[in-house]
Amino acid sequence: MPRRTAALLVAIALGSAAAAGCSSAAGPDPAGGSSSGADAAASVPASVLPTPAVSGSTAAVPTAPAPTAPVATDSVPPGVSASSAPAPASVSVRGTVTDGLKSPWGLAVLPGGDLLVSERDSARILRVPAKGGGKAVAGTVPGVTSGGEGGLLGLALSPDFATDHQVYAYFSTGSDNRIVRLDLDPSRPAGSRLGAPTVLLSGIPHGPRHNGGRIAFGPDGFLYAGTGDADDRSLAQDRDSLGGKILRLTRDGEPAPGNPFPGSPVWSLGHRNVQGLAWDPQGRLWASEFGQDTWDELNLITPGGNYGWPTVEGAAGRAGFTDPVAQWHTADASPSGIAFASGAVWVAALRGTRLWRVPVDGDRAAGAPQDFLKGEYGRLRTVAADGDGTLLLVTDNTDGRGSPRPGDDRILRLDVNGG
């Protein structure tokens, strides 16, 4: 029998119908950085609709209390008392770490606080000092083919980076997406400090849209990669395809031991276009995903879980599929990178041009999401937690869908208070 868990479904009322197609990529983005005015105060979604989620995963998942009849509430979901619900948080921009980036995508925090950032179209990896200011080209990754949503995408550092100096990258070629490993040697001349890439995994489906691209090492020491369906919906439900999946790999690109399908790198399936990966302190994996016409998703990932695409989009309550923990109309999100900090999942929104905070309690949402910085910095590509308790936020207005402003694109440092 499938295991049922409670899920908080966040339905944000729209003034107009959501546009059809890829939520962040179907042609020019009408919300791509063109919003005006500031929204310093957090807004609360119009309704929160609890519905049981159905999981086809065979992995043990904590069982949350089953909700009563679906109800609408402004701020507190069923099963959470008003006194125990988290207080609203506040976000302030401490300053700009660097600017003048061109279509930035991946971000990694080096030991000591310096940053590595990838530029999608130039295939460059830049090093940014911890205190901000000037940036230097570490190197250009060979073999990258940019175009559409493809190019140099996610970055991840080896868990032993302090001793092995290895950087992992996800990028597009003319025929596939792949994951490579490179050495970063600061003793080499400026601009050529990256070694030749070693291909760890190739053959990830590639297309003008839906290339996935986020990679991250989990607390178990294995490398996780979010992929897209490359505009071929059938791939997401095909266990033999690497498209529309979350993959779990060894550091050498082999299927990690303990994966749910023996001999396969597939960790979960039924995804349209995974864009963000983050773990909470208990080691649970959260992932963001672009929807099609109606719902973007924040999912709690379990091994072998099937997240429904293309059979369902958003919460369906159907046996064999796992419902999202939170969902948004596509005009309000198009969720990209995510981070876990201060008891919440933080979600960078592209088309929605804002930063979302989803407070969580265990395996479910603990309160209604809040949004911050709406329209103030345009499209937001990546958010990451820094070691000093701040958040790093990467804008992406130069990707062809935004409206660049003077200084774009930039990395901002945010202070988070309350919550």
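What counts as what
- Residues numbered from 1 in each chain as written.
- Predicted model: local features only at pLDDT ≥ 70, side-chain atom pairs only at ≥ 80, totals over all residues.
- Heavy atoms only, no water.
- Core = buried A, V, L, I, M, F, W, Y, C linked by side-chain atoms within 4.5 Å.
- Buried < 20%, exposed > 50% of the residue type's maximum accessible area, 1.4 Å probe, protein only.
- Contact = heavy atoms within 4.5 Å.
- Pairing = 2+ DSSP bridges.
- Helix = DSSP H or I, 4+ residues; strand = E, 2+ residues; numbered from the N terminus.
- Axes fitted to C-alpha atoms, helices over the stretch in contact; angles between N-to-C directions.
- Phe/Tyr/Trp six-rings, centres within 6.5 Å; stacked < 30°, edge-to-face > 60°.
- 1 Å grid on protein atoms, 1.4 Å probe; cavity = no way out; pocket = protein on both sides within 12 Å on 5 of 7 lines; lining within 4 Å.
- Points joined across faces, edges and corners; volume = space filled by probe spheres on them.
- Nonpolar A, V, L, I, M, F, W, Y, C, P; charged D, E, K, R; others polar.
- Salt bridge = Lys/Arg side-chain N within 4 Å of Asp/Glu carboxyl O.

Caption draft 1: Summary view of the nonpolar core. Grouped together as the largest cluster of nonpolar side chains are 19 residues, with contacts concentrated most on Tyr-168, Ile-179, Leu-201, Ile-204, Ile-215, Leu-223 and Leu-247. If we ignore the near neighbours within four places in the chain, the residues touching Tyr-168 are Gly-154, Leu-155, Ala-156, Ser-158, Val-180, Arg-181, Leu-200, Ile-215, Phe-217, Leu-223 and Arg-251.

Caption draft 2: Region of interest: the sheet that holds strand β14 (residues 245–249). Spatial strand order, β12-β13-β14-β15: four strands in an open sheet with antiparallel pairing. Edge strands, defined here as strands with exactly one partner in the open sheet, are β12 (215–217) and β15 (266–269). Along the sheet, successive strands turn relative to each other by an average axial angle of 20°, direction set aside. Both β12 and strand β13 (residues 223–226) contribute to a ladder of three bridges, which runs antiparallel. Residue pairing across strands places Ala-216 opposite Tyr-224, the latter belonging to β13.

Caption draft 3: Quick look at the packing of aromatic side chains. Per the counting criterion, the structure on display carries five aromatic pairs. Geometrically, the ring pair formed by Tyr-224 and Trp-267 is edge-to-face, given 6.0 Å between the ring centres and 90° between the ring planes. On the criterion of sequence distance, the pair formed by Tyr-224 in strand β13 and Trp-267 in strand β15 is long-range, its members being 43 residues apart. The same class applies to Tyr-224 as to Trp-267, namely buried. Where Tyr-224 meets Trp-279, the ring centres are 5.0 Å apart and the plane angle is 70°; that geometry is what we call edge-to-face. Placement of the pair is Tyr-224 in strand β13 and Trp-279 in strand β16 (residues 274–279), with a sequence separation of 55 residues. For the pair shown, Tyr-224 and Trp-279 are each scored as buried. Here a set of aromatic residues connected by ring pairs shows up, and it is made of Tyr-224, Trp-267 and Trp-279.

Caption draft 4: Layout of the sheet that holds strand β6 (residues 124–128). Read across the sheet, four strands follow the order β4-β5-β6-β7 without closing on themselves; strand pairing throughout is antiparallel. Of all strands in the sheet, those with a lone pairing partner are β4 (104–109) and β7 (136–140), marking the two edges. Here the strands of the sheet are splayed against their neighbours by 25° on average, with no regard to which way each runs.

Caption draft 5: Just the layout of surface pockets, in detail. Considered as a void within the structure, the largest pocket measures approximately 790 Å³ in volume. Leu-107, Ala-216, Phe-217, Ala-384 and Ala-385 are, among the 32 residues lining the largest pocket, the residues nearest its centre. Elements with a contribution of two residues or more to the lining of the largest pocket: β4, β8 (152–157), α1 (161–164), β12, β16, β20 (335–341) and β25 (380–385). For the lining of the largest pocket, a count of residues per class yields 23 nonpolar, seven polar and two charged.

Caption draft 6: Expanded view of the pattern of salt bridges. This structure, assessed with the given rule, holds 19 salt bridges. The salt bridge partner of Asp-399 is Arg-379, with a shortest N-O separation of 2.8 Å. With a gap of 20 residues between them, Asp-399 in the loop between β26 (391–395) and β27 (411–418) and Arg-379 in the loop between β24 (370–372) and β25 connect regions that are remote in the sequence. Note on accessibility: Asp-399 and Arg-379 belong to one class, buried. One salt bridge in this structure joins Asp-386 and Arg-413, with 2.8 Å as the shortest N-O distance. Taken as a pair, Asp-386 in the loop between β25 and β26 and Arg-413 in strand β27 lie far apart in primary sequence, 27 residues in all. Overall, Arg-413 belongs to the buried group, its relative accessible area being 9%. The network of salt bridges with shared partners includes Arg-379, Arg-381, Asp-396 and Asp-399.

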